[in-house]
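# Analysis of the macromolecular model
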Amino acid sequence: MGGASVQAFRGQANKMPPAATAARALSVRGLRVSFGAESSGGRTILDDVTFEVGDGAFLCVVGASGTGKTTLLRALAGLVRPSGGELLFDGQAIAGPSRDRAIIFQDYSKALLPWRTVRGNIALSLEARGVPAKDRDAIIDELVAKMGLVRARDQFPGQLSGGMQQRVQIARCLAQEPKILLMDEPFGALDAMTRQSLQDEILQLAEEKQMTVVFITHDLEEAIYLGDRVVVLGGSPATVIETIDVGLPRPRNQLTTREDARFLAYRHRLFDLLTHDQAGAAGLAARSPAREA
Amino acid sequence: MRRGILGSIIPILILCVWETLSRTGTLSFDAFSRPTDIASALLSSLMDGSLLVATWQTFESALLGLAIATVVGVLTGALLGLMPTAERITSPTIEALRPIPAVAFMPLSLMMFGFGVGMEASIVAYACVWPILIVTIGAVRAIERRLLEVAEALELSFPARLWKIILPAAFARINVGLRIAAAIAIVVAVTVEIVLNPRGLGYHLILAQQSLKVGLMYAQLFWLCVIGYLLNAALRNVGGRSTRMLGSV
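Nothing here was measured: the structure is a model prediction, and the numbers come from that model.

### Looking at the packing of helix H5 (residues 133-146) of chain A against helix H6 (residues 162-175) of chain A
All names here are of chain A. Their axes nearest at 10 Å, the elements H5 and H6 cross at an angle of 135°. By the angle between their axes, H5 is oblique relative to H6. Between H5 and H6 lies a crossing of right-handed hand. Along the contact surface, H5 presents Ile 139, Leu 143 and Val 144, while H6 presents Ala 171, Leu 174 and Ala 175.

### Digging into the confidence of the model for chain B
Residues and elements named next belong to chain B. Here chain B averages 89 in pLDDT, and 94% of its residues register 70 or above. Looking over chain B, one finds the lowest element-wise mean pLDDT in helix H1 (residues 2-7), namely 77, and the highest in helix H7 (residues 117-141), namely 95. Of the two predicted TM-score estimates for the complex, the pTM is 0.78 and the ipTM is 0.83.

### Notes on the sheet that holds strand S10 (residues 239-245) of chain A
Hydrogen bonding along the main chain pairs the strands of a sheet, whether they run parallel or antiparallel. Residue and element names in this part refer to chain A. Pairing in this open sheet of six strands is mixed, and the strands run S6-S7-S8-S3-S9-S10 from one edge to the other. Strands at the two margins of the open sheet, each flanked by one partner only, are strand S6 (101-104) and S10. Going across the sheet, the axis of each strand differs from the next one's by a mean of 20°, ignoring polarity. Alignment of strand S9 (residues 229-234) against S10, held across six bridges, turns out to be antiparallel. Bridge pairing in S10 links Val 232 to Glu 242.

### Considering unusual backbone geometry
Residues and elements named next belong to chain A. Geometrically, the link from Ser 236 to Pro 237 is a cis peptide bond, its omega value of -5° lying close to zero. Structurally, the position occupied by Pro 237 is in the loop between S9 and S10. Residue Pro 251 is bonded to the preceding Arg 250 through a cis peptide linkage, with omega at -5°. By the secondary structure assignment, Pro 251 is in the loop between S10 and helix H9 (256-259). One non-glycine residue, Glu 185, lies in positive phi territory at about 40°. With respect to the helices, strands and loops of the structure, Glu 185 is situated in the loop between strand S7 (180-184) and helix H7 (192-209). On the basis of neighbour count, Glu 185 is assigned to the buried category, with 22 C-beta atoms found within 10 Å.

### Quick word on the nonpolar core
Grouped together as the largest cluster of nonpolar side chains are 130 residues, with contacts concentrated most on A:Leu182, B:Val124, B:Cys128 and B:Ala185. Looking at which element gives the most residues to this core, the answer is helix H9 (residues 158-195) of chain B, with 17 residues. Among the domains, domain 1 (37-87 + 185-293) and domain 2 (107-180) of chain A are the pair contributing at least three residues each to this core.

### Let's talk about the interface of chain A and chain B
If you look at the interface, chain A gives 21 residues, while chain B gives 17 residues. Within the side of chain A that touches chain B, the residues separate by chemical class into twelve nonpolar, five polar and four charged.

### Digging into the domain arrangement of chain A
Where the parts come together, the accessible area they lose is often given as the size of the interface. Residue and element names in this part refer to chain A. Each assigned domain of chain A is listed with its residue range as follows: domain 1 (37-87 + 185-293) and domain 2 (107-180). Taking the mean C-alpha position of each, domain 1 and domain 2 sit 26 Å from one another. Listed per partner, the contact involves seven residues of domain 1 and five residues of domain 2. Residues that form the side of domain 1 that touches domain 2 fall into these classes: five nonpolar, two polar and no charged.

### Some words on the confidence of the model for chain A
All names here are of chain A. Averaged over every residue, the pLDDT of chain A is 86; the share at 70 or more is 87%. Helix H1 (residues 2-12) is the least confidently modelled element of chain A, averaging 41 in pLDDT, while strand S8 (residues 212-216) averages 96, the highest of any element. Note on residues 1-21: pLDDT is under 50 here. Beyond four places in sequence and across chains, it has twelve contacts. Note that pLDDT drops below 50 for residues 284-293; the model gives that stretch ten contacts with residues more than four away or on any other chain.

### Notes on the sheet that holds strand S5 (residues 92-93) of chain A
The strand order across the open sheet built from four strands is S2-S1-S4-S5 (chain A), with neighbouring strands paired in antiparallel fashion. Sheet topology places strand S2 (43-54) and S5 of chain A at the edges, where each strand pairs with a single neighbour.

### Observations regarding the environment of A:Arg195
Position of A:Arg195 among the secondary structure elements: in helix H7. Leave out the neighbours within four places in its chain, and A:Arg195 touches A:Phe187 and A:Leu190.

### Side note on H7(B)
An ideal rise of 1.5 Å per residue puts 36 Å on 25 residues; H7(B) measures up with 35 Å between its terminal C-alpha atoms. Where H7(B) bends most, the angle comes to about 30°, and this point is B:Val129, followed within four residues by the proline B:Pro131.

### A look at the environment of B:Leu15
Its location among the elements puts B:Leu15 in helix H2 (residues 9-24). Distance in space between the C-alpha atoms of B:Leu15 and B:Leu207 is 25 Å, their sequence separation being 192 residues.

The rules behind these values
Residues numbered from 1 in each chain as written. Chains lettered and ligands numbered in written order. Predicted model: local features only at pLDDT ≥ 70, side-chain atom pairs only at ≥ 80, totals over all residues. Axes fitted to C-alpha atoms, helices over the stretch in contact; angles between N-to-C directions. Helix = DSSP H or I, 4+ residues; strand = E, 2+ residues; numbered from the N terminus. Parallel < 35°, antiparallel > 145°, perpendicular 65-115°, else oblique. Left-handed = near helix turned anticlockwise from the far one by under 90°. Contact = placed C-beta atoms within 7 Å. pLDDT = per-residue confidence, 0-100. Pairing = 2+ DSSP bridges. Buried ≥ 20, exposed ≤ 12 C-beta atoms within 10 Å, placed from the backbone. Core = buried A, V, L, I, M, F, W, Y, C linked by C-beta atoms within 7 Å. Domains from an automatic or database assignment. Nonpolar A, V, L, I, M, F, W, Y, C, P; charged D, E, K, R; others polar. Expected span 1.5 Å × (residues − 1). Bend = angle between axes of the 7 residues up to and from the residue.

Below, the structure written as structure tokens:
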């Protein structure tokens with residue numbers, strides 16, 4: 001990873017503004033995503049979205065539902081083609097999906113292979129990477145232990161709770177050894193207790209592997225709790241309306257962090273931003289139904 | 001078990017009445033035989049091996065044709081299911097070719113392959129490919145999009161995507177098409193044998209009729225019923241088993 005980013009940095013050195021001296025894992029400049037032609041009922045979801053994610057940083061993206069958060073993440077994953085602007089990862093333009101960028105979908109039950117066991121689902125990533133069959137078991141055992149799936153190892157996804165299924169999806173993404181995790185409201189469908197323990201686990205994972213994470217959520221507190229930085233999307237088409245650097249100490253704690261005065265101040269600020277944005281978008285939303293679930 | 005006993009009341013009753021009526025001479029058409037004669041004809045043709053050879057010949061053509069239709073139908077169906085544009089381009093052609101009765105190709109197929117397995121299997125394949133193709137297109141289209149995106153995100157090659165994601169995800173529905181096609185395969189194979197091809201159960205059926213061995217003819221009809229039932233049961237079993245096999249990597 002070091003080698004790749006050094007190379008990328010060299011390649012970019014001339015074009016980059018002098019301020020951007022730190023390693024940039026991901027850089028989004030003037031991103032625009034439209035579906036279909038405007039004339040035939042298509043619409044622009046994102047316009048002029050610009051932000052940077054430093055190497056090893058945890059970035060959260062918040063916004064009202066239907067803003068285009070998922071579209072942004074899908075563009076980062078390479079599943080959606082930008083209509084304009086620049087998407088760079090490690091200095092390379094993003095042209096399509098890559099195993100370097102793992103995407104974790106919100107609807108875990110649809111993203112897992114129902115005919116494969118937990119072990120088989122994790123193995124899929126190893127098969128894709130071309131890991132020899134004899135080496136797979138050791139890697140799977142390690143991931144299964146890390147994600148608390150030891151007892152579920154030989155069960156099928158349909159036999160597991162939602163939280164366990166999401167753990168399987170995360171384990172499968174880790175098995176592809178990505179440089180960045182793209183998470184699309186991964187805990188949105190889980191109950192509060194499960195969500196909190198998964199939040200702490202993902203923080204620990206990111207810390208341990210020095211992993212860069214882009215985390216989409218509509219839960220403002222979750223964004224502040226997890227992120228080094230929170231990007232707020234708003235407007236229609238959506239753009240970045242605010243970026244907040246979260247100055248809360250790590251490791252974070254479900255009780256003390258959330259009771260911190262700064263935490264509450266951030267929350268207040270984000271809440272104001274989003275309620276204003278929603279009030280402004282209400283008229284537009286009535287005319288163009290949201291594509292995002 | 002109880003269902004089996006209840007279900008066998010009607011066939012046994014029919015057999016008893018049939019046997020009685022033909023023994024008393026009430027039923028004396030050429031087209032009727034006695035159940036006991038049929039049983040002995042069945043037994044003797046099984047013992048001398050002629051029925052088994054004929055069964056093998058019919059199966060050989062039916063299974064070969066079915067196998068060709070499965071490979072062609074599933075692969076083409078998967079491609080067309082994944083590419084809506086290609087499906088729109090080919091759909092009129094498919095709809096034009098599909099209604100042609102497969103048996104109408106008998107003269108053509110005879111000229112191309114001569115008598116034997118080749119001509120029979122080619123006609124079976126033509127008849128079977130359509131239900132498999134159409135069911136596969138639908139099955140692949142119905143695959144959860146998320147799974148295809150997972151495959152994309154993992155940069156799986158097309159063969160890997162087909163084998164690891166598309167076929168297992170669509171398998172349950174494709175299997176329905178396979179079972180329909182298997183029934184068609186036997187029907188078409190026997191038809192070709194009755195009309196044209198001098199081998200297999202169909203040919204033996206027409207031979208028994210022409211030599212007025214009515215008992216043997218009934219015995220072969222009964223035998224066709226048995227193997228049709230067994231084939232369907234076998235395919236159902238294979239379906240369940242291979243779904244489980246796909247589960248364990």
